[in-house]
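Each chain, written out:
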Amino acid sequence: MTERENNREEITFEIKEHIALLNTSETGWTREVNLVSWNGTKPKVDVREWDPDHKRMSRGITLTEAEAEKFARAIGQRMLEKQKAAQAKESHER
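How each quantity is defined
Residues numbered from 1 in each chain as written. Predicted model: local features only at pLDDT ≥ 70, side-chain atom pairs only at ≥ 80, totals over all residues. Heavy atoms only, no water. Salt bridge = Lys/Arg side-chain N within 4 Å of Asp/Glu carboxyl O. Buried < 20%, exposed > 50% of the residue type's maximum accessible area, 1.4 Å probe, protein only. Pairing = 2+ DSSP bridges. Helix = DSSP H or I, 4+ residues; strand = E, 2+ residues; numbered from the N terminus. Axes fitted to C-alpha atoms, helices over the stretch in contact; angles between N-to-C directions. Contact = heavy atoms within 4.5 Å.

A. Quick look at the pattern of salt bridges. Taken as a whole and assessed by the stated rule, the structure comprises 3 salt bridges. The partner of Glu 14 in a salt bridge is Lys 16, with the nearest N and O atoms 3.2 Å apart. Here Glu 14 falls in the partly exposed class, since its relative accessible area comes to 44%. Overall, Lys 16 belongs to the partly exposed group, its relative accessible area being 46%. Note that Asp 46 is salt-bridged to Arg 48, the shortest N-O span being 2.8 Å.

B. How the structure looks around the sheet that holds strand β3 (residues 44-50). Strand order across the open sheet formed by 4 strands is β1-β2-β3-β4, with antiparallel pairing between neighbours. Each of the sheet's edge strands pairs with one partner strand only, and the pair in question is β1 (13-24) and β4 (61-63). In this sheet, adjacent strand axes meet at a mean angle of 25 degrees when their direction is disregarded. Pairing analysis gives 9 bridges linking β1 to strand β2 (residues 30-38), with the strands arranged antiparallel. Across the sheet, the residue bridging to Leu 21 is Glu 32, located in β2. Sitting on the sheet, helix α2 (residues 65-93) touches β2, β3 and β4, and the angle it makes with β4 is about 105 degrees.

C. Expanded view of the pairing of β3. In the sheet, β2 pairs with β3 via 7 bridges, with the strands oriented antiparallel. Directly across from Arg 31, in β3, lies its bridge partner Glu 49. Between β2 and β3, which follow one another and run antiparallel, lie 5 residues, and Asn 39 among them has a positive phi close to 55 degrees. Pairing of β3 with β4, which is carried by 3 bridges, proceeds in the antiparallel orientation. By the bridge assignment, Val 47 is partnered in β4 with Ile 61.

Here it is as structure tokens:
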């Protein structure tokens, strides 16, 4: 064990709010969007996979509220543009 690994403190978390379930795998792990407090800090929007008991998790991303708002706007804009392009293609094919 390296000195760095030996000095690691336990990471604590508390899911403050469940926002969305994005996917469930065959193994029961779920990809979720939650509001999570890591190590007692201010909760952040968090996207990652969780085991069925929410004791183990994969690597994920955490976003501040401001970052999450920008992300949501960007994804919403992309989806709108994609929908408009599909509608235009459908109209042109008629």
